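For reference, the chains in residue letters:
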Protein chains: 4
Amino acid sequence: MSLSHSVLAEARRGTEPKSTSQHDRLMETRRLSLELAEPLSDEDQVVQAMDDASPTKWHLAHTTWFFEAFLLTRFLPDYRLFDETFEYCFNSYYESVGPRHPRPKRGLLTRPSANQVRAYRAHVDEALDRLVADSMPKEATELVELGINHEQQHQELLLTDILSLFASGPLKPAYRGSRPGVPAATPAPPTWSAFDGGIFAVGHNGDGFAYDNEGSRHEQLIRPFKLAGRCVTNEEWIAFIEDGGYRTPTLWLADGWATVNTNDWRGPLYVEEADGGFMQMSLLGFRPVDPAAPVTHVSYYEADAFARWSGYRLPTEFEWEVAAASVPVEGRTLGAGHLRPMPAKPGDGLQQMFGDVWEWTASAYLPYPGFKTAPGAVGEYNGKFMCNQFVLKGGSCATPEGHIRRTYRNFFYPHQRWQFTGLRLAADA
Amino acid sequence: MSLSHSVLAEARRGTEPKSTSQHDRLMETRRLSLELAEPLSDEDQVVQAMDDASPTKWHLAHTTWFFEAFLLTRFLPDYRLFDETFEYCFNSYYESVGPRHPRPKRGLLTRPSANQVRAYRAHVDEALDRLVADSMPKEATELVELGINHEQQHQELLLTDILSLFASGPLKPAYRGSRPGVPAATPAPPTWSAFDGGIFAVGHNGDGFAYDNEGSRHEQLIRPFKLAGRCVTNEEWIAFIEDGGYRTPTLWLADGWATVNTNDWRGPLYVEEADGGFMQMSLLGFRPVDPAAPVTHVSYYEADAFARWSGYRLPTEFEWEVAAASVPVEGRTLGAGHLRPMPAKPGDGLQQMFGDVWEWTASAYLPYPGFKTAPGAVGEYNGKFMCNQFVLKGGSCATPEGHIRRTYRNFFYPHQRWQFTGLRLAADA
Amino acid sequence: MSLSHSVLAEARRGTEPKSTSQHDRLMETRRLSLELAEPLSDEDQVVQAMDDASPTKWHLAHTTWFFEAFLLTRFLPDYRLFDETFEYCFNSYYESVGPRHPRPKRGLLTRPSANQVRAYRAHVDEALDRLVADSMPKEATELVELGINHEQQHQELLLTDILSLFASGPLKPAYRGSRPGVPAATPAPPTWSAFDGGIFAVGHNGDGFAYDNEGSRHEQLIRPFKLAGRCVTNEEWIAFIEDGGYRTPTLWLADGWATVNTNDWRGPLYVEEADGGFMQMSLLGFRPVDPAAPVTHVSYYEADAFARWSGYRLPTEFEWEVAAASVPVEGRTLGAGHLRPMPAKPGDGLQQMFGDVWEWTASAYLPYPGFKTAPGAVGEYNGKFMCNQFVLKGGSCATPEGHIRRTYRNFFYPHQRWQFTGLRLAADA
Amino acid sequence: MSLSHSVLAEARRGTEPKSTSQHDRLMETRRLSLELAEPLSDEDQVVQAMDDASPTKWHLAHTTWFFEAFLLTRFLPDYRLFDETFEYCFNSYYESVGPRHPRPKRGLLTRPSANQVRAYRAHVDEALDRLVADSMPKEATELVELGINHEQQHQELLLTDILSLFASGPLKPAYRGSRPGVPAATPAPPTWSAFDGGIFAVGHNGDGFAYDNEGSRHEQLIRPFKLAGRCVTNEEWIAFIEDGGYRTPTLWLADGWATVNTNDWRGPLYVEEADGGFMQMSLLGFRPVDPAAPVTHVSYYEADAFARWSGYRLPTEFEWEVAAASVPVEGRTLGAGHLRPMPAKPGDGLQQMFGDVWEWTASAYLPYPGFKTAPGAVGEYNGKFMCNQFVLKGGSCATPEGHIRRTYRNFFYPHQRWQFTGLRLAADA
């Protein structure tokens, strides 16, 4: 019932993508999905805990369909569809491709069975194994890269979605058994790093893979700012709760205040107050909240209210990206094997920029200058969501290795909080 | 993937309850539940297709919990609970027992697993095997009888609920493979049986098991009436559809008309018009509608509208019961192995009174004179539902053997139609 | 701002219907509607407080349209429609007549204006004045009678609907000023009247006006029973509240318990606990609850739960009707001018059978034997509601004079409680 | 029934704010509100057509309460509250002030009556007349200015809200009678104005009144762009409809496509296709769509989809503001008396930048750098809505004179369209 060593090894190996061929990275990605599903019974894999989440089986099948629909049927001449009904079952949201099973009903698909889905993966993997090689057309190479990254996104969702399922029942099972650990010391107040203003280039420069929403690379005018050296901790968040943060309307955006009251929020998702302390459901089961670890499972509304309460603000996505230029792209992501955000290490400078928790920014998710949706179904990947959401940066404890960049723009609605979402404070310098 | 012969044999044996001990009937009932689940994967067993339905696994566990909570913990001194968390998981609606998992979330219980539930059944069966004997206290004997009947009700629900699941997805699998058959001849118009008026005793007389809602036995004044010799057929229902029955407001009760329009009903549940003909999802898969068979999966609203359209009416529960006195309590119930309603046999007299489809009556489900709810949780069994529902009589193709009586009062809301529900016409004589 | 003396005189005169011609009774009924609206501003008359209620202006116009659509256009040869758009605006629920303004949007009809509706009434009254005479065809005479009774029903609704509006706002205005009164003595426990069982004829015999749902007159078998001499009082209801009645699930029907919890009911509609006492909004404003007066604005669910708590039950509609044969058809209805239920007078025998509050019965609202819907729109009057509702008997403090009979069957859904609804207890003898 | 000449004169005078004292401008603003309500009956003024809209009476009272609560009670020593209950009734959304009547129930407030509200206005106006003078404390002067601007915003809402009411009923009355006019020539394709990139100061510089959300003035980096010389016309929009714009998912943001389908949108709000042509409800009644006039009552989702369909994009709020620097702040706003957007005049350059329709921009409504919410209730004015909305620029045919600036930031949710909202296309240069 515990995430095997090979998975972690696999995941770690992912941190050195340069040294492996696309073929090998693809196969490792495909294998990692199966290994992430290993601790789960077929029953666990079929159910959908809420509309936002998807069943494990659906993730396993949908990522496979993605390769079949966009790559194999076009570039492998003798490829035969595994099952014609699967397109309807496992298309997520590609209107261009055709009608599809409704999202809130993904959990009703007891058929095709988990066994059939595993056979589907094997069938597609065999075909991918034959197709993917250095000699492929450039478009195919690009689609493979997109498919790898697409599957990595679903690996993170697989973990957050199974957590939402396990948190919904009375038994609160652990996805992986807990390992004993030494509680971290309560962290000191964060140090602050200051940054000059100026005109900075932001966005992806096209060198290596990036999603379309990361470009074009363009200039942004930045005003002098400073950034906290670590994420906001559970201890700090509990102070916010105990100061009446969830009961003080003037701290909140109007939509946030309505959300708090409609849903009777009194703390982060999965947190319960019990016996004078705070417990939180996690992939390691239902455990006491670690005061030193970054707060997680908070919405944009909560992050914004906390920042107002603390006298600071959230950084913009551009401030974050400019600051991130000063640190290496490494951190406690999935390969670190913690499956939860970990306390910052003592010391100055910017800690935890990558891994641990996705950091809400103050930037609405909008197109960069010159952004154009690609024609066809692949063009539906990112562009059509550029409304009503906010940008998050930096990756989390569930982000696969190699799947994070300084320019990466994750995005969620401001009320959503089932992802590993947290925050870092900023201020005008 | 087909319902095994032993199940049918089992079920048939049930038709001779007199010759077997309570112990044996109990054990056969327990076995039948497992065999009904056999064609289903663990994935099939965990999911809930709609709020009204429950997962197979939940049925298997809840019927087991019923014995544990109401019988074993009281009458078997050394009985040890299988798992203390199961009461919360598998209590259905007994407010007296305590809080419970919310009904619409039964499908999220991937844990406890199907394997654990099977172990739970084995654990309880072993205890039942030891406890149940002729020498038990009378109250225990009565609770065993209630438990058997309770489980039989859930056996029927297990089948209707799995049908609702299989009908919800794109693949429309069969619960059991279809056997080739000779289509029945289109039936002649029904003959009518006439009955005199007078004062008749109705309700259960207390001899043998009956639910509390079947008593007290009391007198009813009946006016002369006549009853159709068979149920309304699909052919007759199609004539109603084709005459614009679903588009003619004056045929409908106001609540029924609102339901038709809100849900865009154009025929019975699971029926689709395709290629000029009518198809219906069934336990044998997605098949052409059999014109000679009784219409099924119709609501009270539809049954009432059809009766009005035809110039007749529905019988009252008392008329039905008085008429049923003239025929033996036998018919094509679960043991017959058809898993769907079958055409009436040619001939005069009352056909199909038992089995095939539950027949909607014109009687609101209300307490009989002198009805009193039993104290404690068992008293919540029937009485608290005596409002807003209608009585159905006669059992269906999914009703276990031995689980039907002339006095049996089934009840559902007038909009519900996922059970095997049909109708028989009546008229004043 | 107080209900004028002439209205009350008018209403009182209604108690002697025998002595006046149909023409005069019609004109008095028409006048009474206008006088009931007199205390209200045009603003008060246009708004709809909830879906179940209608604006005063709509009542005034709809009752007028009823005469125009069903009578004048057929029997007055030179009749010219006042305005062709009014049929769409003021048809209530007659599907046979055609499309109509949606019920929940009746409160958006600021046009036609209140002035136009008053002109509409004058126009139709002038035509009615010319048409209605002894020499009319029988069908016209019957339609006039139906129209009078229809308008009387809407007079009661006008009052209950304006109460729902005045209770919805912060100012809680009185429809009519309060007159000082002497508080009644707390009533003694009710005496009980016993009735023999037997076969009794119930329902209307066709002599004089009755709604179609009151027939046919037919026999019912009644078991010996007894009936409380007065309605349940506020004092008794407060004892139920204080005994935890609204927090004890075993007292409630399942649907009732769900309703209590969904809506957070803790007492009758319009009741608020304040400063240790109970206040209730009424047509006389927001006033302390009178302990001696009948409880009112309770639903069937509450009436049923109270009866169970008290150890008694609700009477059936047939028991009530049989018992009512022993008392005259008189009581404190609208003409008495109280505009609220009043305490029972001391003494034995059946008090308060007519007037004060509508009494919930244990009878589902279903057709009597032989009931047939009349063809055409008039047939939609009562029959299509014979499902999911319960019968109430006896009339209330807002029922116009002459509009109540022993056979009268009022009906509402079991959750509804904005009418003047109360209860009287019964028991098996 | 027509907007009086004095109103228009009044409104026109407003275009020369410099020449009048604050006292006079205040009094003129107060008068204009009453005159805008003049064509409406008391019935029209009390009803609320939808949750987003408010009744006329409520606007008249709320703007008055604003002066009473924030100004008079603080700065006029002998001021006596008109009615203590009004704060509860007419507070809009100021959490700091206290509890308030729920927004969706504003239309139930038949009391206080329209007459009382007029008396309330007179009472407050008399006090304002006494208080407002050059010698007031600076804070009072600023609050008067805020109150004037606040009331002007509600004047525009009063008109859009009454249109939503009049459009909801079957009679579709005109707020003001229509004047015959000469149809404009179909406009030529727009000319385009090009603008250089660079660093530009945007936002309000604090000279004269502005809302807090218009500051701080700060620098933005603008890329070269061009802007269409006029707004998109109805003719162009009809081409979009007829090209299947409302049925083509790839043109839409995902949230927009869901909105289109949930609400079955097929054209702008209030537009109906009839007899082969397009009609639209307006303040002048239900009239044929004018092909040459700007399209109005479109949501952000529609504006965005249209821009994508046309091959262009929406401008950012900063591009718009930079472009607007080149034209005078004048246009057909409320004082022009058209009450609907009018066709652009022939000619080059930027037309229609002010007045006619509010122009959706591509900018999410977010705080400018350094924005801080003011303490207290006044701080709730704008800041708490900085989430999930988009910025609109330029004012409309219903915007009062003097109430528009280049820096003005209006904001609405992307699905809202009951305001006079339209669009102007932009492109990268």
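The residue count restarts for each chain, going from 1 along the sequence in the order it is written. The order in which chains are written sets their letters, starting at A; the order in which ligands are written sets their numbers, starting at 1. Given that the model is predicted, a residue must reach a pLDDT of at least 70 before its local features are reported, and side-chain atom pairs must reach 80 or more before they are shown or counted; all residues, however, enter totals for whole chains, interfaces and linings. As a convention, hydrogens and water are excluded, and side-chain values are obtained from all of the structure's heavy atoms.

(A) Structural context of the overall build of chain A. Under the DSSP-based scheme used, a helix requires at least four consecutive residues in state H or I and a strand at least two consecutive residues in state E, with every element numbered from the N terminus. Along its length, chain A carries 11 helices and 14 strands. A globule of 429 residues ought to have a C-alpha radius of gyration of about 22 Å, and chain A, at 21 Å, matches this closely. In terms of its C-alpha atoms, chain A occupies a principal-axis envelope of roughly 65 × 50 × 40 Å. To sort residues, take the accessible area from a 1.4 Å probe on protein chains only and compare it with the maximum for the residue type: under 20% means buried, over 50% means exposed, and anything in between is partly exposed. Burial status across chain A gives 60% buried among its 429 residues. Across chain A, contacts joining residues at least 24 apart in sequence account for 80% of those joining residues at least 6 apart. C-alpha atoms define the radius of gyration, and 2.2 Å times the number of residues to the power 0.38 defines the globule rule. We call two residues in contact when some of their heavy atoms are within 4.5 Å.

(B) Geometry of the relation of the copies chain D and chain C. Alignment of the copies relies on least squares applied to C-alpha atoms, considering only residues that score at least 70 for pLDDT in both. Of the transformation superimposing chain D on chain C, the axial component is 0.0 Å and the angular component is 179°, with the fit at an RMSD of 0.0 Å. Accordingly, the operation relating the two chain copies is best matched by a two-fold axis. Ranked by how close their C-alpha atoms come to the rotation axis, the residues of chain D are headed by Glu43 of chain D, at 2.4 Å. Interface overlap between copies is the fraction of interface residues in one copy that are interface residues in the other; for chain D against chain C it reaches 100%, indicating a shared surface.

(C) Broad picture of the packing of helix α2 (residues 22–37) of chain D against helix α4 (residues 56–75) of chain D. Residues and elements named next belong to chain D. Axis lines are fitted to C-alpha atoms, over the contacting stretch for helices. Their N-to-C directions set the angle, which ranges from 0 to 180 degrees. Following both chains from N to C, one finds α2 and α4 inclined at 165°, their axes separated by 10 Å at the closest point. Relative to α4, the element α2 lies roughly antiparallel. The handedness of the crossing between α2 and α4 comes out as left-handed. Of α4, the residues touching α2 (which contributes Leu26, Arg30, Ser33, Leu34 and Ala37) are Thr56, Leu60, Thr63, Thr64 and Phe67. Residue classes follow a fixed rule: Ala, Val, Leu, Ile, Met, Phe, Trp, Tyr, Cys and Pro count as nonpolar, while Asp, Glu, Lys and Arg count as charged, and any other residue, Gly among them, counts as polar. Among the residues forming the contact of α2 with α4, the class breakdown is five nonpolar, four polar and one charged. Note on terminology: angles under 35 degrees are roughly parallel, angles over 145 are roughly antiparallel, angles of 65 to 115 are roughly perpendicular, and the others are oblique. Each crossing gets its hand from how the near helix is turned against the far one by less than a right angle, where anticlockwise is left-handed and clockwise is right-handed.

(D) View of the interface of chain D and chain C. Between chain D and chain C, the contact holds 28 residues from the first and 29 residues from the second. Computed with a 1.4 Å rolling probe, the buried area is the accessible surface lost when two parts are put together, summed over both parts. Summing both sides of the interface, chain D and chain C together bury roughly 2200 Å²; the carbon and sulfur share of this comes to 65%. Looking at the side of chain D facing chain C, the largest losses of area belong to Glu43, Leu108 and Arg111 of chain D, adding up to 34% of the total buried there. Salt bridges are defined as contacts in which a side-chain nitrogen from Lys or Arg sits within 4 Å of a carboxyl oxygen from Asp or Glu. The tally of links from chain D across to chain C stands at four salt bridges. Lys57 of chain C is the salt-bridge partner of Glu43 of chain D, the closest N and O atoms lying 2.7 Å from each other. For this analysis, a polar contact is any N or O atom pair within 3.5 Å, provided that within protein one partner can donate a hydrogen and the other can accept it, and provided that sequence-adjacent residues contribute only side-chain to side-chain pairs. Viewed at the interface, chain C and chain D are joined by eight residue pairs in polar contact (both at pLDDT 80 or more).

(E) Seen up close, the relation of the copies chain D and chain A. Aligned on chain A, chain D shows an RMSD of 0.0 Å; the corresponding rotation is 180° and the shift along the axis is 0.0 Å. The residues that chain D uses at the interface reappear at the interface of chain A in 100% of cases, marking a shared surface.

(F) Broad picture of the confidence of the model for chain A. pLDDT: the predictor's confidence for each residue, scored from 0 to 100. The predicted model of chain A has a mean per-residue pLDDT of 92, with 95% of residues at 70 or higher. Quick note on the complex model: pTM equals 0.94, ipTM equals 0.94.

(G) How the structure looks around the packing of aromatic side chains. Each aromatic pair joins two rings of Phe, Tyr and Trp (for Trp, the six-membered one) with centres within 6.5 Å, and gets the label stacked for planes under 30 degrees apart, edge-to-face for over 60, and tilted for any other angle. Throughout the structure, instances matching the rule amount to 128 aromatic pairs over all chains. Ring centres 5.7 Å apart and planes at 50° place the aromatic pair Tyr246 of chain A and Trp252 of chain A in the tilted group. An aromatic cluster is defined as three or more aromatic residues linked by ring pairs; in this entry it consists of Trp65, Phe66, Phe70, Tyr93, Tyr94, Tyr365, Phe385 and Phe411 of chain A. Only when the NZ of Lys or the CZ of Arg is both within 6 Å of the ring centre and within 35 degrees of the ring normal is a charge said to sit over the ring. Looking at Lys226 of chain A, its charged tip hangs above the ring of Trp192 of chain A, at a distance of 5.3 Å from the centre. Over the aromatic face of Phe286 of chain C sits the side chain of Lys172 of chain C, whose NZ or CZ is 5.6 Å from the ring centroid.

(H) Just the interface of chain D and chain A, in detail. If you look at the interface, chain D gives 33 residues, while chain A gives 33 residues. For the pair chain D and chain A, the two sides together bury roughly 2400 Å², of which 58% comes from carbon and sulfur. Of all residues in chain D, Leu221, Arg223 and Asn388 of chain D bury the most surface against chain A, accounting for 20% of the area lost on that side. At the boundary of chain D with chain A, the tally comes to 12 residue pairs in polar contact (both at pLDDT 80 or more). Among the secondary structure elements, those contributing two or more residues to the side of chain D that touches chain A are β3 (218–222), α9 (254–263), α10 (300–310) and β8 (358–364) of chain D. Residues belonging to the side of chain D that touches chain A are distributed by class as follows: 19 nonpolar, seven polar and seven charged.

(I) Structural detail: the environment of Arg287 of chain C. Residues and elements named next belong to chain C. If you trace the backbone, Arg287 turns up in strand β7 (residues 285–288). Arg287 sits 31 residues away from Phe318 along the chain, and the two C-alpha atoms are 36 Å apart. Those residues within four positions of Arg287 in sequence are excluded, and the remaining contacts are Ser178, Phe278, Met279, Gln280, Ser282 and Arg340.

(J) Up close: the sheet that holds strand β14 (residues 426–428) of chain C. Residue and element names in this part refer to chain C. Strands are treated as partners if at least two bridges between them are detected by DSSP. Across the sheet, three strands lie side by side as β1-β4-β14; this open sheet has antiparallel pairing. In this open sheet, the two strands that pair with only one neighbour each are β1 (192–195) and β14. Each adjacent strand pair in this sheet contributes to an overall mean axis angle of 20°, direction not counted. When β1 meets strand β4 (residues 225–228), the two strands line up antiparallel, connected through four bridges. Bridge assignment links Trp192 to a residue of β4, and that residue is Ala228.

(K) Quick peek at the side chain of Asp161 of chain A. All names here are of chain A. Note that Asp161 resides in helix α7 (residues 138–168). With no salt bridge to any partner, buried Asp161 finds its closest opposite charge in Arg103, at an N-O distance of 6.0 Å. When sequence neighbours within four positions are dropped, the list of residues in contact with Asp161 reads Ala53, Ser54, His59 and Trp418. By the counting rule applied here, Lys and Arg register as positive and Asp and Glu as negative, while His and the ends of each chain are not counted.

(L) Representation of the side chain of Lys393 of chain D in the model. Residue and element names in this part refer to chain D. Among the structural elements, Lys393 can be located in strand β9 (residues 390–393). In this structure the side chain of Lys393 is engaged in a polar contact, spanning 2.9 Å, whose partner is the backbone oxygen of Arg406. Those residues in contact with Lys393 that lie beyond four places of it in its chain are Glu317, Trp320, Glu321, Val357, Trp358, Glu359, Thr361, Arg406, Thr407, Tyr408 and Arg409.

(M) Structural view of helix α10 (residues 300–310) of chain B. Residues and elements named next belong to chain B. When you tally the buried positions in α10, you get eight out of 11 residues, the bulk of the element. Of the residues making up α10, those classed as buried are Tyr300, Tyr301, Glu302, Ala303, Asp304, Ala305, Phe306 and Ala307. A positive phi of about 90° marks Gly311, the residue just after α10.

(N) The arrangement of the chains, seen in detail. A gap remains between chain A and chain C, which never touch, and the nearest two C-alpha atoms on either side lie 14 Å apart. A gap remains between chain B and chain D, with no contact made and the closest C-alpha atoms lying 15 Å from each other.

(O) Here's a closer look at the sheet that holds strand β14 (residues 426–428) of chain A. Residue and element names in this part refer to chain A. In spatial order, the strands read β1-β4-β14; together these three strands make up an open sheet with antiparallel pairing. Each edge of the open sheet carries a strand with a single partner, namely β1 (192–195) and β14. Within the sheet, the average angular offset between the axes of one strand and its neighbour, ignoring direction, is 20°. Examined bridge by bridge, strand β4 (residues 225–228) and β14 share three bridges and lie antiparallel to one another. By the bridge assignment, Lys226 is partnered in β14 with Ala427.

(P) Main features of the pairing of strand β5 (residues 271–274) of chain A. Residues and elements named next belong to chain A. Across four bridges, the pairing between β5 and strand β6 (residues 277–282) is antiparallel. Bridge pairing in β6 links Glu273 to Phe278. Counting the residues in the hairpin turn of β5 and β6 gives two residues, including Asp275, whose phi is positive at 55°.

(Q) The arrangement of unusual backbone geometry in detail. The residue after Arg111 of chain A, namely Pro112 of chain A, is reached through a cis peptide bond having omega -5°. For the bond running from Gly215 of chain A to Ser216 of chain A, omega is 0°, close enough to zero to count as cis. The phi dihedral of Asp275 of chain D falls on the positive side, at around 55°, and the residue is not glycine. Asp275 of chain D sits in the exposed class, given a relative accessible area of 85%. Of note in the backbone geometry, Asp356 of chain D takes a positive phi value of approximately 70° without being a glycine. Its place among the elements puts Asp356 of chain D in the loop between α11 (317–324) and β8.

(R) Representation of the pattern of salt bridges in the model. Counted by the stated rule, this structure contains 96 salt bridges over all chains. Across the pair Arg74 of chain B and Glu139 of chain B runs a salt bridge whose closest N-O atoms are separated by 2.8 Å. Pair noted here: Arg74 of chain B is in helix α4 (residues 56–75) and Glu139 of chain B is in helix α7 (residues 138–168), with a separation of 65 residues, a long-range link. Classification of Arg74 of chain B by relative accessible area gives partly exposed; the value is 49%. Note that Glu142 of chain D is salt-bridged to Lys138 of chain D, the shortest N-O span being 2.7 Å. Linking Glu142 of chain D with Lys138 of chain D, this pair stays in helix α7 (residues 138–168), spanning four residues, or about one helical turn. On the basis of relative accessibility, which here comes to 43%, the residue Glu142 of chain D falls in the partly exposed class. Where salt bridges share partners, they join Arg30, Arg121, Asp125 and Glu151 of chain A into one cluster.

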